[in-house]
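Fold and contact review
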Amino acid sequence: MVIKNKTILIKTGAKSLNDITSRIKDEVRLSKINEGNCTLFIKHTSASLIIQENADPAVQEDLNNWMDRLVPENDPIFTHVQEGPDDMPAHIKSALTLTSVSIPFVDGSLGLGTWQAVYLWEHRAEMPGVRLDRKLLVHVSG
Amino acid sequence: MVIKNKTILIKTGAKSLNDITSRIKDEVRLSKINEGNCTLFIKHTSASLIIQENADPAVQEDLNNWMDRLVPENDPIFTHVQEGPDDMPAHIKSALTLTSVSIPFVDGSLGLGTWQAVYLWEHRAEMPGVRLDRKLLVHVSG
Amino acid sequence: MVIKNKTILIKTGAKSLNDITSRIKDEVRLSKINEGNCTLFIKHTSASLIIQENADPAVQEDLNNWMDRLVPENDPIFTHVQEGPDDMPAHIKSALTLTSVSIPFVDGSLGLGTWQAVYLWEHRAEMPGVRLDRKLLVHVSG
């Protein structure tokens, strides 16, 4: 078995879905492994992973707006408030989505469906002092 | 290491949990691999995977009804409406559940608990022109 | 490839996040595998896995309280009630979080971010006759 582990940096926008599909495909190609499994693991708890439709950008906006309404800022139930009003909602949104996802590949080609893209979902708002560079561990084996 | 990748087709009913456990067990058995990991990856963004209780069918109905109430159709927040009123809710329900799941196996036997079954959760409603044949990638390695 | 599969028991408290990070690190160390992937699979449908912030305990309490409010007991939509008022909410909370998670490791060290811990989220309330010993399958390969 061959294993390739790499941590890549993803620059994200505030509260947005960031398409990282081409970055993942690059890593699978660079691994020179023909058939195997690609596991993504995000090293954060206020950003997460999802696989969603890449055709209509409105899907990504609707997802973001719906989630923002489900988990609003300044909810009086929150006691963890010292890192800003967007931090606890970001943790909850992360808990409701994915920290890791595994995508098998065959003939060097990721097994994504026709309309699927991989997104790093940034849940934090842009604030002074908050860096939005996210670390993603890409594990390719086969 | 031996790797077996196969895409299988699952015929689903509208807005329902479809038990695919025996299909997955078949693939592990056919792989002839004794010990390893079985990764399932659904190639769609309006249907998803979950592992849930298989004993009382009411659990599956309650799950479905609860989720349908959490993410109702015709929510004015949705702008992606051209594929029907059930499409954007289906994307959100998929985002809240699983796109991939990994189940280790030992002695050819999947590590599911006594009451666990694997379900393909169809989030779309039955509509003319919408096919409910879903593609599932089954990756068995060991 | 070397594979180590082990089922470990986790004693949980009622409706709480239980930090299992050190248990997982132990299994990776015991496997003596230097580089690979660690897949966790919980063999239950009323408890689940998440990876969340380990710094401020208030994050875990807020997560628990928020989820409890989203999925309250005694919801009239539930028909599966014979196992107690907390059982169907526990299934839903499990469906919204993780049944399996894969964490790559390098040089024997799990790829968790600085503030990440692995939690077994117990969704059941303490009740006479309900055992809160949970089985977790730990699969280490590399």
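Calculation rules
- Residues numbered from 1 in each chain as written.
- Chains lettered and ligands numbered in written order.
- Predicted model: local features only at pLDDT ≥ 70, side-chain atom pairs only at ≥ 80, totals over all residues.
- Heavy atoms only, no water.
- Helix = DSSP H or I, 4+ residues; strand = E, 2+ residues; numbered from the N terminus.
- Rg over C-alpha atoms; globule rule 2.2 N^0.38 Å.
- Buried < 20%, exposed > 50% of the residue type's maximum accessible area, 1.4 Å probe, protein only.
- Contact = heavy atoms within 4.5 Å.
- Areas by Shrake-Rupley, 256 points an atom, 1.4 Å probe, with all protein chains shown as cover.
- Polar contact = N/O pair within 3.5 Å; in protein donor to acceptor, adjacent residues only side chain to side chain.
- Axes fitted to C-alpha atoms, helices over the stretch in contact; angles between N-to-C directions.
- Left-handed = near helix turned anticlockwise from the far one by under 90°.
- Nonpolar A, V, L, I, M, F, W, Y, C, P; charged D, E, K, R; others polar.
- Salt bridge = Lys/Arg side-chain N within 4 Å of Asp/Glu carboxyl O.
- Pairing = 2+ DSSP bridges.

A separate point is the overall build of chain A. Broken down by element type, chain A carries three helices and eight strands. The order of α-helices and β-strands along chain A, N terminus first, is β-β-α-β-β-α-α-β-β-β-β. Compactness check: chain A gives a C-alpha radius of gyration of 16 Å against a globular reference of 14 Å for 142 residues, within 12% of the reference. Each principal axis of the C-alpha atoms in chain A carries an extent, and together these give about 50 × 30 × 25 Å. Classification of the 142 residues of chain A by burial places 63% in the buried group. Restricting the contact set of chain A to residue pairs at least 6 apart, pairs at least 24 apart contribute 82%. Of the roughly 5400 Å² of accessible surface on chain A, a fraction of 50% belongs to carbon and sulfur atoms.

This next bit is on the environment of His44(C). In this fold, His44(C) is placed in the loop between strand E3 (36-42) and strand E4 (47-53). We classify His44(C) as buried; its relative accessible area is 18%. Aside from chain neighbours lying at most four places away, what touches His44(C) is Gln116(B), Asp133(C), Arg134(C) and Lys135(C). Among the polar contacts listed, one links the side chain of His44(C) to the side chain of Arg134(C), at a separation of 3.1 Å.

What follows is about the packing of helix H3 (residues 87-96) of chain A against helix H2 (residues 57-70) of chain C. For the pair H3(A) and H2(C), the least separation of the axes is 10 Å and the interaxial angle reads 65 degrees. Handedness of the crossing formed by H3(A) with H2(C): right-handed. Contacts between H3(A) and H2(C) involve Met88(A), His91(A), Ile92(A), Ala95(A) and Leu96(A) on the former and, on the latter, Val59(C), Asp62(C), Leu63(C), Trp66(C) and Met67(C). In the contact of H3(A) with H2(C), the residues fall into eight nonpolar, one polar and one charged.

What follows concerns the pattern of salt bridges. Tallied over the full model, the rule gives 27 salt bridges over all chains. Residue Asp86(A) is joined to Arg124(A) by a salt bridge in which the shortest nitrogen-to-oxygen separation is 3.0 Å. With Asp86(A) in the loop between helix H2 (57-70) and H3 and Arg124(A) in the loop between strand E7 (116-122) and strand E8 (133-141), this residue pair connects regions lying 38 residues apart in the sequence. For Asp86(A), a relative accessible area of 1% gives the class buried. The partner of Glu27(C) in a salt bridge is Lys6(C), and the shortest N-O contact between them spans 3.1 Å. Here Glu27(C), found in helix H1 (residues 21-31), pairs with Lys6(C), found in strand E1 (residues 3-11); they are 21 residues apart in sequence, far enough to count as distant. Salt bridges here are not isolated pairs; linked through shared partners, they connect Lys15(A), Asp68(A), Glu73(A) and Lys93(A).

Moving on to the sheet that holds strand E2 (residues 16-19) of chain C. Residues and elements named next belong to chain C. Spatially, E2-E7-E4 is the arrangement adopted by the three strands of the open sheet, whose pairing is antiparallel. With partners counted over all chains shown, the strands left at the sheet margins are E2 and E4, one partner each. Strand-to-strand, the axes of this sheet are offset by a mean angle of 35 degrees, without reference to chain direction. The sheet contact formed by E2 and strand E7 (residues 116-122) spans four bridges and is antiparallel. Residue pairing in the sheet places Leu17 in a bridge with Trp121 of E7.

Let us look at the interface of chain B and chain A. Facing the 32 residues of chain B at the interface are 33 residues of chain A. Viewed at the interface, chain A and chain B are joined by one salt bridge. Across the pair Asp75(B) and Arg69(A) runs a salt bridge, and its minimum N-O distance is 2.5 Å. Summed over the shared surface of chain B and chain A, the result is 13 residue pairs in polar contact (both at pLDDT 80 or more). Counting only elements with at least two residues in the side of chain B that touches chain A, the list comes to strand E1 (3-11), strand E3 (36-42), helix H3 (87-96), strand E5 (100-106) and strand E8 (133-141) of chain B. Top contributing element to the side of chain B that touches chain A by residue count: H3(B), with seven residues. Residue composition of the side of chain B that touches chain A, grouped by class: 14 nonpolar, 14 polar and four charged.

What follows concerns the pairing of E3(C). Residue and element names in this part refer to chain C. Burial analysis of E3 places seven of its seven residues in the buried class, which makes it a mostly covered element. Sheet analysis places E3 next to strand E5 (residues 100-106), joined by six bridges and oriented antiparallel. If you follow Asn37 over to E5, its bridge partner there is Pro104. In terms of strand pairing, E3 meets strand E8 (residues 133-141) through six bridges, oriented antiparallel. Looking at the pairing, Cys38 lines up with Val140 of E8.

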